[in-house]
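So you can see what is in the structure, the chains are spelled out below.
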Amino acid sequence: VVSGDLNACDDRSRAGPGEGWDNLSDCNMETVLVTVLVILVVTSLVNGSRLPLIVFQQHHHLFHRLEDMFDDLALQTTVSPEYHAYRTVAESDYRPLRILYQVGESEEELPVCRPWSVCSKVDMYESPWIERQCRCPGANKCSSSLSSNDGHTLSDKTRHFKLCEPVKKLSKCRYFRDITWTLTSGPDNVTQQLVHCHCPRGAVAYLIKQQAFQNRDGQIGYQYSFACSPQSRLRCQRKEPCRLFTVRKRLELLDEVNTNTLCQCPHNHYCPTHHTDPGTVQGKSYVEENIRTYSGYCFPK
């Protein structure tokens, strides 16, 4: 079923101007519906490791858009204690750049990167911070630049993904069909991100497939596959959120935030870009994942 939907999407993307391109958003929703069913089946059968934030928001986004269709499958939530006040950009400007390590506390303790692995993730949502994923083999070094123009960076929303290899060697992904990157999360919650191609300019990555796997010790992990989609050009309807925010409070006292744009605001309105901006409303809280969600609504300029 998934393959059939993707082939249909690919056929529409090949159509000329005015011959199917406007239906891409509908095609994307068809793929999303299938993805929801796959996710629900897998997660109901096995207990996985902690969800990476970008994957968690994809789950939250799907249920947010389709909750009227899946009322009987609503997520169980509780209210978590109040988080500490979020730092503003002005306050964080005086803080030194923080570098975190996914494994250990130094470069030497990091595993060696596989070919086309993300070696560092740079979070640009508020005050920039870096999470080192692995170390480049041989004499190569992972770029420490905050810029996306160093020839080793792929950008996705408010994050920069750094690679050991030059990104110009990557092919361009086709909308909906090609897997741009896969994220593997093991039972120890250590993640590995492998890049296969780069999305077209202005596109966004979305979750298209989730697979469970079992290691030699019988423990369960997951592999998440992401494809490329054009950004939504739909106009926001009245009382419809334009952007979703998923905020995780990390043990390092940092806020890890993922955003998802749903629609475009009408003339003389803007969509909040930060979860504390005017026009945002607090949503559900997930205590076990230490996550809180927010919805942003179009606000007059």
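Residues numbered from 1 in each chain as written. Predicted model: local features only at pLDDT ≥ 70, side-chain atom pairs only at ≥ 80, totals over all residues. Heavy atoms only, no water.

## A look at the packing of aromatic side chains
Under the defined criterion, the tally for this structure stands at six aromatic pairs. Aromatic rings pair up to connect F161, W181 and F226 into one cluster. (Phe/Tyr/Trp six-rings, centres within 6.5 Å; stacked < 30°, edge-to-face > 60°.)

## Details of the state of the cysteines
Taken as a whole and judged by the stated rule, the model has eight disulfides. Each sulfur of the disulfide joining C113 and C134 lies 1.9 Å from the other. Across the S-S bond of C113 and C134 the torsion is about 100 degrees, and the bridge reads as right-handed. Remark: C134 occurs in the loop between β3 (129-132) and β4 (153-156) and C113 occurs in the loop between β1 (98-101) and β2 (118-123); sequence separation between them is 21 residues. With its sulfur 2.1 Å from that of its partner, C242 forms a disulfide with C271. Its S-S torsion of about 95 degrees marks the bond between C242 and C271 as right-handed, since a negative value means left-handed. Taken together, the residues C242 in the loop between β9 (220-229) and β10 (243-249) and C271 in the loop between β12 (269-270) and β13 (280-286) connect sequence positions 29 residues apart. (Disulfide = S-S within 2.5 Å. Helix = DSSP H or I, 4+ residues; strand = E, 2+ residues; numbered from the N terminus.)

## Notes on the side chain of Q102
Counting through the fold element by element, Q102 comes out in the loop between β1 and β2. At a separation of 2.6 Å, a polar atom in the side chain of Q102 contacts the main-chain amide nitrogen of T191. Sequence-distant contacts of Q102, that is, excluding residues within four places in its chain, are made with L110, E131, R132, Q133, N189, V190 and T191. (Polar contact = N/O pair within 3.5 Å; in protein donor to acceptor, adjacent residues only side chain to side chain. Contact = heavy atoms within 4.5 Å.)

## So, the sheet that holds strand β6 (residues 179-185)
Strand order in this open sheet of four strands is β7-β6-β9-β8, and the pairing throughout is antiparallel. Of all the strands in the sheet, the pair left with one neighbour each is β7 (191-195) and β8 (204-214). The sheet shows a mean angle of 20 degrees between the axes of neighbouring strands, taken without regard to direction. Where β8 lies against β9, 10 bridges are found, and the strand directions are antiparallel. Within β9, the residue paired with L207 across the bridge is F226. (Pairing = 2+ DSSP bridges. Axes fitted to C-alpha atoms, helices over the stretch in contact; angles between N-to-C directions.)

## Details of unusual backbone geometry
Of note in this structure, K157 is not a glycine but carries a positive phi near 60 degrees. Note that K157 resides in the loop between β4 and β5 (159-163). Positive phi outside glycine occurs at N290, with the angle close to 55 degrees. Inspection of the secondary structure puts N290 in the loop between β13 and β14 (291-296). Take N290: its relative accessible area is 27%, and that puts it in the partly exposed class. (Buried < 20%, exposed > 50% of the residue type's maximum accessible area, 1.4 Å probe, protein only.)

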